[in-house]
Number of protein chains: 2
Amino acid sequence: MNKTTIPIVKNILNANDQIAEENKAFFTNKNILAINVMASPGSGKTSLILKTIEHLSHECNIAVIEGDTAPVTIDADKISELNIPVIQINTGGECHLDALMVRNGFSQLDLTNVDLIIIENVGNLVCPAAFHLGEHFSIVIASIPEGDDKPYKYPNIYRRIQSLILNKIDLQPYVDFDMDYFRKGIEALNPGVSFFPLSCKTDEGFEDWINWLKDKLQDNN
Amino acid sequence: MNKTTIPIVKNILNANDQIAEENKAFFTNKNILAINVMASPGSGKTSLILKTIEHLSHECNIAVIEGDTAPVTIDADKISELNIPVIQINTGGECHLDALMVRNGFSQLDLTNVDLIIIENVGNLVCPAAFHLGEHFSIVIASIPEGDDKPYKYPNIYRRIQSLILNKIDLQPYVDFDMDYFRKGIEALNPGVSFFPLSCKTDEGFEDWINWLKDKLQDNN
């Protein structure tokens, strides 16, 4: 028998990571900045996206992928009303988006001239942490009424993000929330992560988040 | 060949449901009422349990199983400080408790004379919905700042509960929350479910929840 060379495949990615890499290459190739927005239910993912559209849509083209466990289009409808291309992914009860769902989603969107694609993940602080979607940046939206101990209790998701938003700071006078304790938890998990305390309701602090996003958009061009 | 009778096993349960049934039989046999507390992160599961202990511990014996994705004992410590038997289940990143984890948990607790076991599930509105633990009653804690659309967006968990708590009603003046819309969503999913708007912070409405629990404890004896 002739000695043959057995091909060795190195760095095998799991199926999700492989598709996520392909998604990312697709976005990068088209100069589209992709961000993955994760949070627990009710922290203000859709509010943040709506306000981000309001601040940015006059200077760049935005598209949105909405992840939901149920076939209701409450969030997608709000975005569509702003004349932003949006597609909803109904996970059918699944607790997170995965890279294949996202690919199936953006394949149905017209991405011509789109500069920024925002992916709203399912409301869940646990499962989405394990699934890359092809995003350039991941963010978590925490919120004041959720409490200051969340980084300690859901560390995995806080470890993998590039930007942390702390929403609903307008409620700070009415809620026990120790900002130092919260920040200490964050710094232990993800030192130096960009941090934006803000209120989607009052607009306080929102400009800093928008400036961060503008920087990333500029770097992407 | 002799004709033999082939045994037919009916109503085969999946492994989790089978262990859940065994857990429930164990609790029932010992006259222990078991409740499964589910909610998204930061809605006030631990606060509700602490306050329930405060209201009830002079008249019945309570034990607690704490589910957490991370090995921090923030919640279990608070309960232990009240001299309540407590065990923490660290799911190792898993997004829900299952019946086997709960069995492993209560096996390590002294349940002599215990009347009520409260199981605090992992903070998650999606995955825990699919896993019975052996509880007699399941409850969800929603909260005002999470918003009024949660039943529409996370229907599975609202469908399977016997009691719904709406926490943080002290924040109602500062948050847009349409109570009629919220209740309409609940009624469509779970008509007639027991509903307790309350505040763990101010104690408002808490007595109604305690009375519901006392009724169930009485029925159990």
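Source: prediction; values computed, not measured.

1. Notes on the interface of chain B and chain A
Stage number 1. The interface is formed by 30 residues belonging to chain B together with 30 residues belonging to chain A.
Stage number 2. Put simply, the parts of the chain that give the side of chain B that touches chain A at least two residues each are α5 (150-153) and α6 (155-159) of chain B.
Stage number 3. Considering every element that reaches the side of chain B that touches chain A, the biggest residue donor is α5(B), with three residues.
Stage number 4. Grouping the constituent residues of the side of chain B that touches chain A by class yields 15 nonpolar, nine polar and six charged.

2. Focus: the sheet that holds strand β4 (residues 116-120) of chain B
Residue and element names in this part refer to chain B.
Stage number 1. Sheet architecture is open: seven strands sit in the order β3-β2-β4-β1-β5-β6-β7, paired in parallel fashion. Bordering the open sheet on either side are β3 (86-90) and β7 (194-197), each of which pairs with just one other strand. Going from strand to strand, the sheet's axes swing by 20° on average, the running direction of each strand aside.
Stage number 2. For strand β1 (residues 33-39) and β4, the ladder comprises five bridges, and the chain directions are parallel. Across the sheet, residue alanine 34 finds its bridge partner in β4, namely isoleucine 117.
Stage number 3. Contacts from helix α8 (residues 206-219) reach β1, β4, β5 (137-143), β6 (163-167) and β7 within the one sheet, and its direction differs from that of β7 by about 145°.

3. Notes on the sheet that holds strand β7 (residues 194-197) of chain A
Residue and element names in this part refer to chain A.
Stage number 1. Spatially, seven strands are ordered β3-β2-β4-β1-β5-β6-β7 in an open sheet, and the strand pairing comes out parallel. Taken across any chain shown, the strands that pair with only one partner, and hence form the sheet edges, are β3 (86-90) and β7. Strand-to-strand twist across the sheet, computed as the mean angle between neighbouring axes with direction ignored, equals 20°.

4. Quick look at the pairing of strand β2 (residues 62-68) of chain A
Residues and elements named next belong to chain A.
Stage number 1. Most of β2 sits out of view: seven of its seven residues are buried.
Stage number 2. Pairing of β2 with strand β4 (residues 116-120), which is carried by five bridges, proceeds in the parallel orientation. The partner of glutamate 66 across the bridge, within β4, is glutamate 120.
Stage number 3. The pairing of β2 with β3 spans five bridges and is classified as parallel.

5. With respect to the relation of the copies chain B and chain A
Note that the two copies of the chain are related through a rotation about an axis and a translation along the same axis.
Stage number 1. For these two chains of identical sequence, chain B goes onto chain A by a turn of 180° and a shift of 0.1 Å along the axis, with RMSD 0.1 Å. One copy is carried onto the other by what is essentially a two-fold rotation axis.
Stage number 2. Comparing interface residues between copies, 100% of those in chain B also sit at the interface in chain A, which points to an isologous, same-surface contact.

6. Section: unusual backbone geometry
Residue and element names in this part refer to chain B.
Stage number 1. Even without glycine at this site, asparagine 113 takes up a positive phi of about 70°.
Stage number 2. Positionally, asparagine 113 belongs in the loop between α4 (99-106) and β4.
Stage number 3. Judged by the 11 C-beta atoms lying within 10 Å of it, asparagine 113 is exposed.

7. Some remarks on the environment of A:Pro71
Stage number 1. Structurally, the position occupied by A:Pro71 is in the loop between β2 and α3 (74-80).
Stage number 2. On the neighbour-count criterion, A:Pro71 (10 C-beta atoms within 10 Å) is exposed.

8. Structural notes on the pairing of β4(A)
Stage number 1. When you tally the buried positions in β4(A), you get five out of five residues, the bulk of the element.
Stage number 2. Side chains of β4(A) alternate between two faces, with A:Leu116, A:Ile118 and A:Glu120 and A:Ile117 and A:Ile119 buried alike.

9. Section: the environment of B:Lys78
Residue and element names in this part refer to chain B.
Stage number 1. In this structure, lysine 78 sits in helix α3 (residues 74-80).
Stage number 2. Given 18 C-beta atoms within 10 Å, lysine 78 falls into the partly exposed group.
Stage number 3. Along the chain, lysine 78 and leucine 213 lie 135 residues apart, while their C-alpha atoms are 21 Å from each other.
Stage number 4. Lysine 78 has contacts with Thr46 and Leu50, leaving out every residue within four places of it along the chain.

The rules behind the values
- Residues numbered from 1 in each chain as written.
- Chains lettered and ligands numbered in written order.
- Predicted model: local features only at pLDDT ≥ 70, side-chain atom pairs only at ≥ 80, totals over all residues.
- Contact = placed C-beta atoms within 7 Å.
- Helix = DSSP H or I, 4+ residues; strand = E, 2+ residues; numbered from the N terminus.
- Nonpolar A, V, L, I, M, F, W, Y, C, P; charged D, E, K, R; others polar.
- Pairing = 2+ DSSP bridges.
- Axes fitted to C-alpha atoms, helices over the stretch in contact; angles between N-to-C directions.
- Buried ≥ 20, exposed ≤ 12 C-beta atoms within 10 Å, placed from the backbone.
- Least-squares fit on C-alpha atoms with pLDDT ≥ 70 in both.

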